[in-house]
Every structure is written in C-alpha cells, then in structure tokens.
Amino acid sequence: MAQKPSIPKGTRDFFPAVMARRNYLFDTIKSVFQLYGYQPIETPAMENLSTLLGKYGEEGDKLLFKVLNSGDFLSNVPGNVLVDVDPGKVGAYLSEKGLRYDLTVPFARFVVQNRNELVFPFKRYQVQPVWRADRPQKGRYREFYQCDVDVIGSDSLLNEVELVQIVDEVYRRLNLSVTLKINNRKILSGIAETIGEADRIVDITVAIDKLEKIGNQKVNEELAAKGVSPEAIDKLQPILALNGNNFEKLEQLEKVIGGSLSGRQGIEEMHTIFKLLGTLNLALKVELDLTLARGLNYYTGAIFEVKANDVEMGSITGGGRYDDLTGIFGMPDVSGVGISFGADRIYDVMLQLNLFPEETLTASKVFFVNFGEQETLYLLPVLTLLRANGVACELYPEAAKMNKQMTYANRKNIPFVVLAGESEMASGKLTLKNMGTGTQSLVTSNELLSMLKGGA
RNA sequence: GUGGAUGUAGUUCAGUCGGUUAGAACGUCGGAUUGUGGUUCCGAAGGUCGCCGGUUCAAGUCCGGUCUUCCACCCCA
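What you are looking at is a predicted structure, and each value in this text was computed from that prediction instead of being measured.

## With respect to the packing of aromatic side chains
- Counted under the stated rule, the structure contains 16 aromatic pairs.
- Both rings, one in F367 and one in Y396, keep their centres 6.1 Å apart while their planes meet at 65°; by these two values the pair is edge-to-face. On the criterion of sequence distance, the pair formed by F367 in strand 12 (residues 366–368) and Y396 in the loop between strand 13 (393–395) and helix 16 (402–411) is long-range, its members being 29 residues apart. Neither residue differs from the other here; F367 and Y396 are each classed as buried.
- Centroid distance F367 to Y408: 5.5 Å. Interplanar angle 40°. Geometry classified as tilted. Here F367, found in strand 12, pairs with Y408, found in helix 16; they are 41 residues apart in sequence, far enough to count as distant.
- A residue is classified by how much of its surface remains accessible, and F367, at 0% relative accessible area, is buried.

Printed below as a string of structure tokens:
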C-alpha cells in the first residue's frame with residue numbers, strides 16, 4: 001500500500017502563487033544589495049562539522065543538523081565507545097558534516113580559504129537556505145532563507161552606516177514600517193567590567209535582553225540566581241533605567257561606564273555611527289537599545305536587530321560586527337560586519353499586512369485551445385511568433401473538450417484565449433477572446449501580436 | 001530540550017451519553033451545453049476517523065504510547 005507522503009517537520013513546499021511573492025521579496029532585497037556594490041556568492045548546504053561547531057555557543061551546537069557519514073558509518077567507531085554508548089561521544093564518530101546554521105560562518109570559512117583570489121574589502125551578498133533543529137512555531141522554521149550582506153577586511157564604521165542604509169532602503173521598498181535596534185558588545189563588556197563581573201558578560205547580557213519582556217524585577221532575580229553579586233546588580237540599575245534620545249543615552253552611559261576602556265570605545269563607536277546616520281535622512285527609526293544582546297558568540301562591536309512595527313514577530317533582520325571570526329580559521333586581524341534579512345519572517349509579516357503587490361501570477365498571457373491535428377499545425381507558427389516577441393503563451397497539449405480547456409485557462413488566470421477551428425482556418429484568422437470582459441474579435445496573427453505586445 | 005493544545009473526505013469542519021450503514025460545505029469528476037471559462041441546475045466518486053496498543057459485548061468517541069501541526073519557554077531569522 002502507498003504510504004502517505006510527507007515532508008520533514010518544520011519544512012515547507014511552496015506553491016507558484018507563494019513563489020511569485022517570495023521572488024518579489026528576494027529580487028527587491030538583492031537589487032538593493034547590488035546597488036551598494038555587493039556581489040553574490042554561494043557556499044555548500046553542508047559544511048564540515050569542524051567548521052560549524054563552537055561558533056554559535058552551546059545552544060547553537062545543539063541545533064545543528066548533522067549528516068550521517070556515508071557507507072559503513074560504524075567502521076570509525078572504537079569498540080569501547082559502542083559498548084558503553086554515550087550519544088554525545090558516539091556522534092563525533094558517526095558524523096563529520098552538518099547543514100549550515102547561518103551564512104556568516106561559512107562566509108568566514110570561504111574568505112580564509114580563498115583569500116588570495118579576493119579583493120579586500122570584500123563585499124558579498126548571499127541568499128540561501130539555512131537549517132536549524134529548533135522546535136518549529138510561529139515565525140520559526142527548520143529550513144529558512146537568510147539574505148546576508150557582509151563586508152570583510154575593513155574596520156571603518158562607514159560599513160556599519162552603509163548596512164543601516166541598506167536596511168532602510170530594503171524596508172522602504174517593501175513598504176514595511178520597522179525599527180532598527182542597535183547596541184554594541186563593547187558597551188556590554190564595559191558594563192560587565194564596571195560592575196565587577198567581567199567574566200559574567202554572557203549571563204548579564206542574556207538577562208538584560210529580557211528586560212522588556214519580563215521587567216526589571218525579574219531580571220534582577222535572574223541575575224541573582226545566576227550568581228551575580230547584590231552589589232553588582234545594584235550598580236546595574238542606572239544602566240537599565242537609561243532614557244532620552246540616542247545621544248543623551250550615550251552621555252549618561254559615559255558617566256557610569258566611562259572608567260572601562262572597552263566601554264569608552266563602544267560609546268565612541270556608537271557616537272560616530274549615530275552622527276553619520278543623522279546626516280542621512282532615513283525613514284526607519286534607529287534606537288540605541290542596551291537590552292539588545294544577541295546570543296551569537298562571534299559579535300564584538302555593533303549589533304543590529306530589526307523588528308516590524310505593526311506585527312508581533314521575532315526579529316526579522318539581525319547582524320553585527322565580528323572582529324575575529326576568520327581568526328578561528330587561521331586568518332587573524334580581519335574584521336567584518338554584516339546583517340541578515342530573514343526572508344521567511346519578512347514574508348509572514350508582509351502577508352499579514354497585505355503588503356505584497358497584486359501579483360502578476362499569470363503564467364501565460366495567451367492560451368490556445370487545441371481542436372486537433374490540423375488546427376495545431378495552423379497554430380504552432382503563431383505561438384512561435386508570439387514567443388519570439390516575448391509574449392508568453394501555451395497550447396493545450398490535447399484536443400480535450402472545450403469546457404475542460406476553458407476551465408484550465410480560467411483557473412490559471414490567463415487573460416486571453418485564442419480559438420482557431422475550421423472557420424478561422426478558412427479565413428486565415430484567429431478568434432481572440434478576452435477572458436476578463438468575455439468579448440471576442442477576429443484578428444490576424446500580426447494583429448494578435450501587436451495587441452498583446454503592448455501589454456493590453 | 002521543557003510545558004500546553006491538536007489530528008475525521010483533496011480542503012475547512014460537524015459527529016450527542018461509547019451503540020449498528022461516519023455527515024455537510026467547498027473543491028474534484030461527469031452531465032445539462034458534440035466550438036466557449038468564471039454564474040446556475042442535476043448527478044457521481046472520494047474515509048485503514050494520524051499511527052500502535054489497551055479497556056469494552058461494542059471505540060471516531062474512553063485510556064496509554066508515538067508521530068504531525070500549532071502555541072508558549074529556551075534560543076533565534
């Protein structure tokens with residue numbers, strides 16, 4: 001018996017109508033990337049696990065999809081490991097490849113591996129799927145597309161500013177109202193140093209990231225539970241209560257963490273970025289948000305996150321500066337910065353807000369009814385003529401009943417139908433029917449072409 | 001990984017207290033209409049009730065397990 005077909009959890013099939021919108025999204029994003037001089041690359045779906053492991057933090061490692069070794073995958077496993085099976089240990093012998101978790105780490109690998117052929121600063125974009133073994137839910141898939149833009153080999157904050165411009169341009173073109181939140185890892189380090197908990201930076205950032213969600217009180221409780229001293233939590237309070245515009249926040253911050261070197265650096269960087277952004281007339285709101293932490297381990301400077309203003313959805317774009325991601329692969333002192341647009345979430349948001357333009361889902365512009373062999377011979381040159389002039393058209397492959405053929409044209413939203421049987425052949429003409437209005441007219445093939453070519 | 005919901009025709013859903021032959025709408029297919037779709041009318045096909053097991057004279061209905069989808073947490077695009 002045939003089994004019911006299905007696809008893996010968290011993955012999806014895309015229908016033509018959905019693809020029309022997805023492609024609109026991808027094309028919009030790519031065209032902005034190109035406008036700023038970024039060039040496309042692609043990397044493999046699979047990377048060696050050694051490339052991926054340890055780059056995303058403990059949580060990220062758990063979410064990696066691993067690919068079972070081909071052939072006799074047990075042959076590498078030492079006997080003693082198999083006797084006393086520990087899933088964590090056996091895995092290392094069974095699998096040496098994994099599906100990519102993001103596009104940034106493979107990009108760093110790509111840069112190191114191909115450094116001699118690249119021109120630096122190297123500006124690339126990359127639109128490909130990534131996979132995470134997360135539990136699916138709203139706005140969360142196990143296979144989804146990221147649209148990354150990165151520039152590597154330049155420390156200049158002009159790059160950060162350019163990325164913000166790109167974010168602004170993309171969302172302006174998509175007609176989506178968003179807020180860009182921006183923070184800096186150096187400021188977060190400065191905070192941790194100032195309150196004397198320098199080595200607890202991860203716990204602290206994770207906790208304050210939740211400030212908006214669970215409130216000041218609960219954050220303090222969580223910090224205490226993680227072992228942060230009461231004095232340190234006390235020192236943290238003025239920072240959590242910052243207010244005013246971005247420059248005012250920086251000023252207040254300076255007073256609190258100015259004693260820390262990295263704190264000062266972070267504040268200075270942000271000051272420069274905000275100053276440059278101030279000259280650019282952006283449509284989106286940019287706000288300094290100290291609660292923005294971002295779990296990815298490799299960020300070292302500015303970090304970004306974009307949220308839609310009118311829809312409840314996780315971040316739809318995120319990124320930041322990474323000073324030493326290539327260092328892990330043996331190429332130190334090359335700094336990069338990039339952001340990633342989450343296409344699937346943007347799609348969900350736009351669909352909910354009805355922001356996709358009336359799609360031109362039309363596969364063909366003209367449909368030719370098939371009446372039989374003689375008629376087909378009569379029509380094929382007409383189809384060729386139309387196609388040579390860029391008019392998409394199709395002939396039904398069988399001489400099926402009219403009803404069936406017309407229904408087909410109707411369901412596919414084809415705007416024009418050509419009927420040509422005995423009488424049309426006798427007169428050397430074609431009957432053209434407008435499916436919207438229902439009107440018909442008798443035309444020559446050249447008349448047909450000029451009518452359709454003009455976009456009628 | 002933790003917690004909560006969910007699953008009946010292609011789709012969206014009914015299905016009473018456990019009771020004999022599981023229904024509707026939409027869709028599909030055929031006909032009314034042998035060269036005219038989208039409207040209308042008539043008719044038909046379509047179900048291992050997610051899967052496995054248990055309780056019972058009897059299970060779509062109750063119980064356990066498992067998988068799927070959805071939601072929240074964690075984390076993230």
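## Structural notes on the domain arrangement of chain A
- Partitioning chain A into domains gives domain 1 (16–352) and domain 2 (362–453).
- Computed over C-alpha atoms, the centres of domain 1 and domain 2 are 53 Å apart.

## Re the nonpolar core
- One finds Y171, I316 and F341 to be the most contacted residues of the largest nonpolar core, which totals 95 residues.
- With 8 residues, the single largest contributor to this core is helix 7 (residues 158–174).
- Those residues in contact with I316 that lie beyond four places of it in its chain are Y171, L176, V178, V306, K307, A308, S340, F341, G342, R345, I346 and V349.
- By size, the runner-up hydrophobic cluster in this structure holds 18 residues, among which are V382, L395, F416 and L432.

## Some words on a nonpolar patch on the surface
- Among the surface-exposed residues, L68, F73, L74 and L82 lie close enough to one another that they form a single nonpolar patch of about 320 Å² accessible area.
- Mapping F73 onto the fold places it in the loop between strand 3 (66–68) and helix 4 (79–83).

## Thoughts on helix 18 (residues 445–453)
- What helix 18 keeps buried is the set L448, L449 and L452. The arc that holds every buried residue of helix 18, seen down its axis, measures 100°, which confines them to one face. Exposed positions of helix 18 whose direction lies more than 90 degrees from the buried face are N446 and S450.
- Tucked into the core, helix 18 has its buried residues touching strand 12, helix 15 (373–388), strand 14 (416–419), strand 15 (430–434) and strand 16 (440–443).

## Re the environment of V178
- Mapped onto the elements, V178 comes out in strand 7 (residues 178–184).
- Sequence separation between V178 and G60 is 118 residues, and the spatial gap between their C-alpha atoms is 27 Å.
- Residues contacting V178, with those up to four places away along its chain left out, are Y171, L284, K285, V306, K307, A308, N309 and I316.

## Points about the layout of surface pockets
- Roughly 200 Å³ of internal volume is contained in the second largest pocket.
- If you list the elements that add at least two residues to the lining of the second largest pocket, you get helix 10 (211–225), helix 11 (230–240) and strand 8 (285–288).
- Residues belonging to the lining of the second largest pocket are distributed by class as follows: 6 nonpolar, 1 polar and 5 charged.

## So, the sheet that holds strand 2 (residues 46–48)
- In spatial order, the strands read 2-4-3; together these 3 strands make up an open sheet with antiparallel pairing. The outermost strands of the open sheet, each flanked by one partner alone, are strand 2 and strand 3. Ignoring strand direction, the axes of neighbouring strands in this sheet form an average angle of 45°.
- Bridge count between strand 2 and strand 4 (residues 95–99): 3 bridges; the pairing is antiparallel. Following the sheet pairing, M46 is matched in strand 4 by L99.

## Overview of the sheet that holds strand 15
- Pairing in this open sheet of 5 strands is mixed, and the strands run 13-12-14-15-16 from one edge to the other. Only two strands of the sheet have a single neighbouring strand rather than two, namely strand 13 and strand 16. Averaged over all pairs of adjacent strands, the angle between strand axes in this sheet comes to 25°, irrespective of strand direction.
- In this structure, strand 12 lies alongside strand 13, joined through 3 bridges in parallel fashion. Paired with F367 across the two strands is E394, which belongs to strand 13.
- Together, strand 12, strand 13, strand 14 and strand 15 form the strand contacts of helix 15, whose direction differs from that of strand 13 by roughly 165°.

Reading guide: rules and limits
- Residues numbered from 1 in each chain as written.
- Chains lettered and ligands numbered in written order.
- Predicted model: local features only at pLDDT ≥ 70, side-chain atom pairs only at ≥ 80, totals over all residues.
- Heavy atoms only, no water.
- Phe/Tyr/Trp six-rings, centres within 6.5 Å; stacked < 30°, edge-to-face > 60°.
- Helix = DSSP H or I, 4+ residues; strand = E, 2+ residues; numbered from the N terminus.
- Buried < 20%, exposed > 50% of the residue type's maximum accessible area, 1.4 Å probe, protein only.
- Domains from an automatic or database assignment.
- Core = buried A, V, L, I, M, F, W, Y, C linked by side-chain atoms within 4.5 Å.
- Contact = heavy atoms within 4.5 Å.
- Patch = residues over 30% accessible without salt bridge, like charges linked within 9 Å, V, L, I, M, F, W, Y side chains within 5 Å.
- Areas by Shrake-Rupley, 256 points an atom, 1.4 Å probe, with all protein chains shown as cover.
- Salt bridge = Lys/Arg side-chain N within 4 Å of Asp/Glu carboxyl O.
- Arc of directions from axis to C-beta.
- 1 Å grid on protein atoms, 1.4 Å probe; cavity = no way out; pocket = protein on both sides within 12 Å on 5 of 7 lines; lining within 4 Å.
- Points joined across faces, edges and corners; volume = space filled by probe spheres on them.
- Nonpolar A, V, L, I, M, F, W, Y, C, P; charged D, E, K, R; others polar.
- Pairing = 2+ DSSP bridges.
- Axes fitted to C-alpha atoms, helices over the stretch in contact; angles between N-to-C directions.

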